[in-house]
Every structure is written in C-alpha cells, then in structure tokens.
Amino acid sequence: MTVWLSDYDVARMTSRVPHPYHEGDAEAFVAAGTSNRFVIERKRDGLFLGMTGLHVDEDCEFGYWLGKPFWGQGYATEAAARLAEYGFVALGLDSLHAGWFYDNPASGHVLAKLGARHNGSQMRECRARGMQILCHDMLLTRADFLRKQAA
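Our subject in this report is the structure included herewith. (Residues numbered from 1 in each chain as written. Predicted model: local features only at pLDDT ≥ 70, side-chain atom pairs only at ≥ 80, totals over all residues. Heavy atoms only, no water.)

Attention now moves to the overall build of the protein. Secondary structure summary: the protein contains six helices and six strands in total. Start at the N end of the protein and walk to the C end: the helices and strands fall as α-α-α-β-β-β-α-β-α-β-β-α. Over its C-alpha atoms the protein spans a radius of gyration of 15 Å, differing by no more than 12% from the 15 Å that the globule rule assigns to 151 residues. Once the C-alpha set of the protein is aligned to its principal axes, its extents read approximately 40 × 40 × 30 Å. Across the 151 residues in the protein, those meeting the buried criterion constitute 44%. The long-range fraction of contacts in the protein, counting pairs at least 24 apart against all pairs at least 6 apart in sequence, stands at 58%. Surface summary for the protein: the accessible area is close to 8200 Å², and the carbon and sulfur share equals 55%. Here the protein carries 16 positive and 18 negative side-chain charges, and the mean point of each set is 6 Å from the other. (Helix = DSSP H or I, 4+ residues; strand = E, 2+ residues; numbered from the N terminus. Rg over C-alpha atoms; globule rule 2.2 N^0.38 Å. Buried < 20%, exposed > 50% of the residue type's maximum accessible area, 1.4 Å probe, protein only. Contact = heavy atoms within 4.5 Å. Areas by Shrake-Rupley, 256 points an atom, 1.4 Å probe, with all protein chains shown as cover. Lys, Arg positive; Asp, Glu negative; His and termini not counted. Charge placed at Lys NZ, Arg CZ, Asp CG, Glu CD.)

Written out as structure tokens, the structure is:
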C-alpha cells in the first residue's frame, strides 16, 4: 500500500491521500478499521493492486485507486463495478456518488462504463497537491447500474 500510494501520480488523483505517503499513514489507515473498504488484488497470484471503498455516512460516496503499474488494464472498472453491486445489493442503497479530477479522464470513463452520469462540478481539496482541484461529481443510480450491467 505504501509503495503504490507514495507515487505522486497515484496520490494526486485521490482527494484524501497525502503526499508524501509514509508507512505510518498506511498503519493509521488500517488501524482505523472503517467498514466497506476492500483490497483489489489480482486473481492469478493475489498481488495487491489497490483499494476501493464506500463511505456510506458521507452521502454514499465511493472511490478506488490502483498502483500505477496496473492502470489501463480494466482492474478499476471491475473493482468499481463490484463495489457498486455491493452497495446496491448488500447494502440496499439507491444511489452512489463518485468524483474524478478534471485531469484524470480515465476515472471518468470507468464511472461512465458503470452507468454513472455527470452530476455537477466543483472545486475539491486534494491533499497530495495541497490545493483545490476541479472535480466532476458522478451519480450512479441502482437502475442505471443494473441497466448497464444487463447490456
């Protein structure tokens, strides 16, 4: 976790991850023990690729990150789809939100593939960059997700 998140290119695409990212940051994150966080691992060998999570207490926002070597290989789409399914089926949620920074269109594509629609844009704090960045909010409803999965 520390190796992947200490890469500025990874951290700067998240809102909550600081940069530099140290072992103590990872230990504090794990110790917090928040529910609805999941490891993304490669099936064939169990390699840790990144994480995904759902903040039910914060307007049902979900997010994901991957180590840079795993970008562009479909892992984010698969992980985000599984997390959305978990939110809609296991938790019974009606909608989810996710955001993507303007300079990370790949994340916007992942969300669109799930059936998410643009729901406004606003400036959002990015801890790694130490500034506010334009963030596009995406809304994913249960109906849109199920329709997209059936297609």
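By the secondary structure assignment, Met 1 is in the segment before helix H1 (2–5). Taking the C-alpha atoms as reference points, Met 1 and His 22, separated by 21 residues in sequence, lie 9.6 Å from one another. Ignoring anything within four residues of it in the chain, the contact list for Met 1 reads Tyr 21, Ala 26, Phe 29, Phe 48, Met 51 and Trp 65.

What follows deals with unusual backbone geometry. Keep in mind that most residues, glycine aside, have a negative phi and that most peptide bonds are trans. Of note, the amide linkage connecting His 19 to Pro 20 takes the cis form, showing an omega dihedral of 0 degrees. Relative to the helices and strands, Pro 20 resides in the loop between helix H2 (8–11) and helix H3 (23–32). Its identity is not glycine, yet Asn 36 carries a phi of approximately 65 degrees, on the positive side. As for its placement among the helices and strands, Asn 36 is situated in the loop between H3 and strand S1 (37–41). The class for Asn 36 is buried, based on a relative accessible area of 14%. Positive phi outside glycine occurs at Cys 60, with the angle close to 55 degrees. By the element assignment, Cys 60 lies in the loop between strand S2 (48–55) and strand S3 (61–66).

The full count for this structure, using the stated rule, is twelve salt bridges. Between Arg 12 and Asp 103 there is a salt bridge, and its shortest N-O distance comes to 3.1 Å. One end of the pair, Arg 12, is in the loop between H2 and H3; the other, Asp 103, is in the loop between strand S4 (95–101) and helix H5 (105–114), and 91 residues separate them in sequence. Since its relative accessible area comes to 23%, Asp 103 is described here as partly exposed. Bridged by salt links that share partners, the residues Asp 9, Arg 12, Lys 68, Asp 103 and Arg 129 form one connected network. (Salt bridge = Lys/Arg side-chain N within 4 Å of Asp/Glu carboxyl O.)

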